[in-house]
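# Observations on the model geometry
Residue-level listing of the chains:
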Amino acid sequence: MSLLGKIKPVFPEMPTQGLFRLIRQPIYVAFALTLWAVPVWTPDQLALAISYTAYFLIAPRLKEKRFEQRYGAAFDRYRDRVPYIIPRRTALKRTTKEPKDGASPAQQP
């Protein structure tokens, strides 16, 4: 609609919180996991899961090119720090050990 109205779109800030702290594509990963977690398999479900999983691995690269153009160096730093689809073990440990109230681990009961 903004194109029809000749209104310049306003984009939100680059997502870096929540699951985006662990991996750059959490939505695609969650959907792929949903596809592969069916209780009964049929040939058409297998074909669908394989084709969509291939799409989920390739298509976000195009989105990341747009993010690179839109956010520049901030996205480059984020991409260097956060893996594509598989979280690093150190990131998982750091996330699970962070105190909820902001206190350091030594101050926790």
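Shown above is the structure to which this text applies.
Okay, so let's go over this structure. (Residues numbered from 1 in each chain as written. Predicted model: local features only at pLDDT ≥ 70, side-chain atom pairs only at ≥ 80, totals over all residues. Heavy atoms only, no water.)

Attention now moves to the overall build of the protein chain. A tally of helices and strands in the protein chain yields five helices and zero strands. Secondary structure elements of the protein chain occur, N-terminal to C-terminal, as α-α-α-α-α. Here the protein chain holds 109 residues, and 22% of them are scored as buried. Put simply, of all contacts in the protein chain between residues at least 6 apart along the chain, 63% involve residues at least 24 apart. Surface summary for the protein chain: the accessible area is close to 8700 Å², and the carbon and sulfur share equals 64%. (Helix = DSSP H or I, 4+ residues; strand = E, 2+ residues; numbered from the N terminus. Buried < 20%, exposed > 50% of the residue type's maximum accessible area, 1.4 Å probe, protein only. Contact = heavy atoms within 4.5 Å. Areas by Shrake-Rupley, 256 points an atom, 1.4 Å probe, with all protein chains shown as cover.)

This part takes up helix H2 (residues 43-58). Every α-helical turn comprises 3.6 residues, leaving residues that sit three or four positions apart pointing alike. Taking 1.5 Å of rise per residue, 16 residues should cover 22 Å, and H2 covers 23 Å from first to last C-alpha, within 8% of that figure. By the burial criterion, the buried members of H2 are Ala 49, Thr 53 and Phe 56. Taken down its axis, H2 places every buried residue within 60° of arc, on the same side. Looking at H2, the residues exposed on the side facing more than 90 degrees away from the buried face are Pro 43, Asp 44 and Ile 58. (Expected span 1.5 Å × (residues − 1). Arc of directions from axis to C-beta.)

Residues Phe 31, Leu 48, Tyr 52 and Tyr 55 make up a contiguous nonpolar surface patch of about 390 Å² in total accessible area. With three residues, the single largest contributor to the nonpolar patch is H2. Along the polypeptide, Tyr 52 turns up in helix H2. (Patch = residues over 30% accessible without salt bridge, like charges linked within 9 Å, V, L, I, M, F, W, Y side chains within 5 Å. Salt bridge = Lys/Arg side-chain N within 4 Å of Asp/Glu carboxyl O.)

Our next topic: the packing of helix H3 (residues 60-71) against helix H4 (residues 73-81). Following both chains from N to C, one finds H3 and H4 inclined at 130°, their axes separated by 6 Å at the closest point. The angle between the axes of H3 and H4 places the two elements in the oblique class. Between H3 and H4, the contacting residues are Glu 64, Phe 67, Glu 68 and Tyr 71 on the first element and Ala 73, Ala 74, Phe 75, Asp 76 and Arg 79 on the second. Among the residues forming the contact of H3 with H4, the class breakdown is five nonpolar, no polar and four charged. (Axes fitted to C-alpha atoms, helices over the stretch in contact; angles between N-to-C directions. Parallel < 35°, antiparallel > 145°, perpendicular 65-115°, else oblique. Nonpolar A, V, L, I, M, F, W, Y, C, P; charged D, E, K, R; others polar.)

We now examine the packing of H2 against H3. Describing two packed helices takes the angle between their axes plus the distance from one axis to the other. At a minimum axis separation of 5 Å, H2 and H3 run at an interaxial angle of 20°. Judged by the inter-axis angle, H2 sits roughly parallel to H3. Between H2, through Tyr 55, Phe 56, Leu 57 and Ile 58, and H3, the contact on the second element is made entirely by Pro 60, Arg 61 and Leu 62. Looking at the contact of H2 with H3 residue by residue, the classes come out as six nonpolar, no polar and one charged.

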